[in-house]
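# Structural overview
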Amino acid sequence: MTTTVLTLARETIQALYQKYQSFPTTTPPHTHYQLKLPTLTLTAYLSGKVVLQGSHIDSFLQENQLNAPATTASSLTLPQNFSTWSVAGSDESGNGSYFGPLTVASAYVSQEQIETLQQLGIQDSKKLSDQRIQELVAILKHQIPYHVLVLWPLKYNQVHQYKNLNEMKALMHNQALNLLQKKIAPIIPDGILIDEFCKPSTYDRYLAGQPILNREKIYFSTKAESKHLAVAAASMIARDAFINGLAQLSQEIGYELPSGAGASVDILAAKILKREGRQSLETVAKMHFKNTQKLTHY
Ligand code: MG
């Protein structure tokens, strides 16, 4: 038995009651009603919270066109057999690293390629060493269409002054997916899967006024790398671009820049700030990270 909690508008709560009122109904305290449906119990609270308890909750949500909460939405809304579809996927890398660019990659994996890529060892980049990622991506890039975007720290810092990180990601995911779809045209993917970093409604709001190709085919999912190889491939390509970007910046500035945001990062950032100045640091680091504030303590 699983439990899902939604917040619904009053009209939706009323409409559900209209539809299901032939089933056993009670009115526990603080509720509009409680319905006992064949596979689940629906409790509609006066607060607007609706609690679903039982089984087949995902089909109930789909049937009534209800959005599941963000934490569980993803897997619930992905159609069955989605992992066997021909899919365009996207993922990002570098957003947790003080040094280096933010990268977003999109990749298209057709149904026919899934098995081959599986055998090749394509999987969630977090499960692979950087070296293995680079070896595999070198092969992968000859096998599938992809597009990769690199937002270098200097530009990143400028844009971040008027856009938050999720907004920047939304723009990059959208651009990477649009350009990928132009590359593979006239093929249209069965589905488009984005590794979820914000609510789908927020994604649309960030992209207001921008073209979003095949919006109706887009699915959002947490842990999307494990739900379709296209996102796994995109995660590897994005990571590869991040590693290369970090290496390039290291060479330019003359310091071996580590990834991440830990203590070794703070020490090196302080050194760069002291020896090269803030302007140099801005070319290699994401300045809004807390690491920057900590530098005054060194
Ligand atoms: Mg991700």
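Structure shown above.
Residues numbered from 1 in each chain as written. Predicted model: local features only at pLDDT ≥ 70, side-chain atom pairs only at ≥ 80, totals over all residues. Heavy atoms only, no water.

## Remarks on the overall build of the protein chain
- What the protein chain contains, in helices and strands, is 12 helices and 10 strands.
- On the principal axes, the C-alpha backbone points of the protein chain span a range of 75 × 50 × 35 Å.
- Residue pairs in contact within the protein chain that sit at least 24 positions apart in sequence constitute 69% of those at least 6 positions apart.
- A total of about 15000 Å² of accessible surface is found on the protein chain, and carbon and sulfur atoms cover 51% of it.
- One finds the centroid of the 27 positive side-chain charges in the protein chain at a distance of 7 Å from the centroid of its 23 negative side-chain charges. (Helix = DSSP H or I, 4+ residues; strand = E, 2+ residues; numbered from the N terminus. Contact = heavy atoms within 4.5 Å. Areas by Shrake-Rupley, 256 points an atom, 1.4 Å probe, with all protein chains shown as cover. Lys, Arg positive; Asp, Glu negative; His and termini not counted. Charge placed at Lys NZ, Arg CZ, Asp CG, Glu CD.)

## Some words on helix α10 (residues 263-276)
- End to end, α10 covers 20 Å across 14 residues, agreeing with the expected 20 Å (1.5 Å per residue, within 8%).
- Looking only at α10, the buried set comprises V265, D266, L268, A269, A270 and I272.
- Buried residues along α10 sit against α9 (229-253), α11 (278-281) and α12 (290-294).
- In the stretch just after α10, G277 is the one whose phi turns positive, near 95 degrees. (Expected span 1.5 Å × (residues − 1). Buried < 20%, exposed > 50% of the residue type's maximum accessible area, 1.4 Å probe, protein only.)

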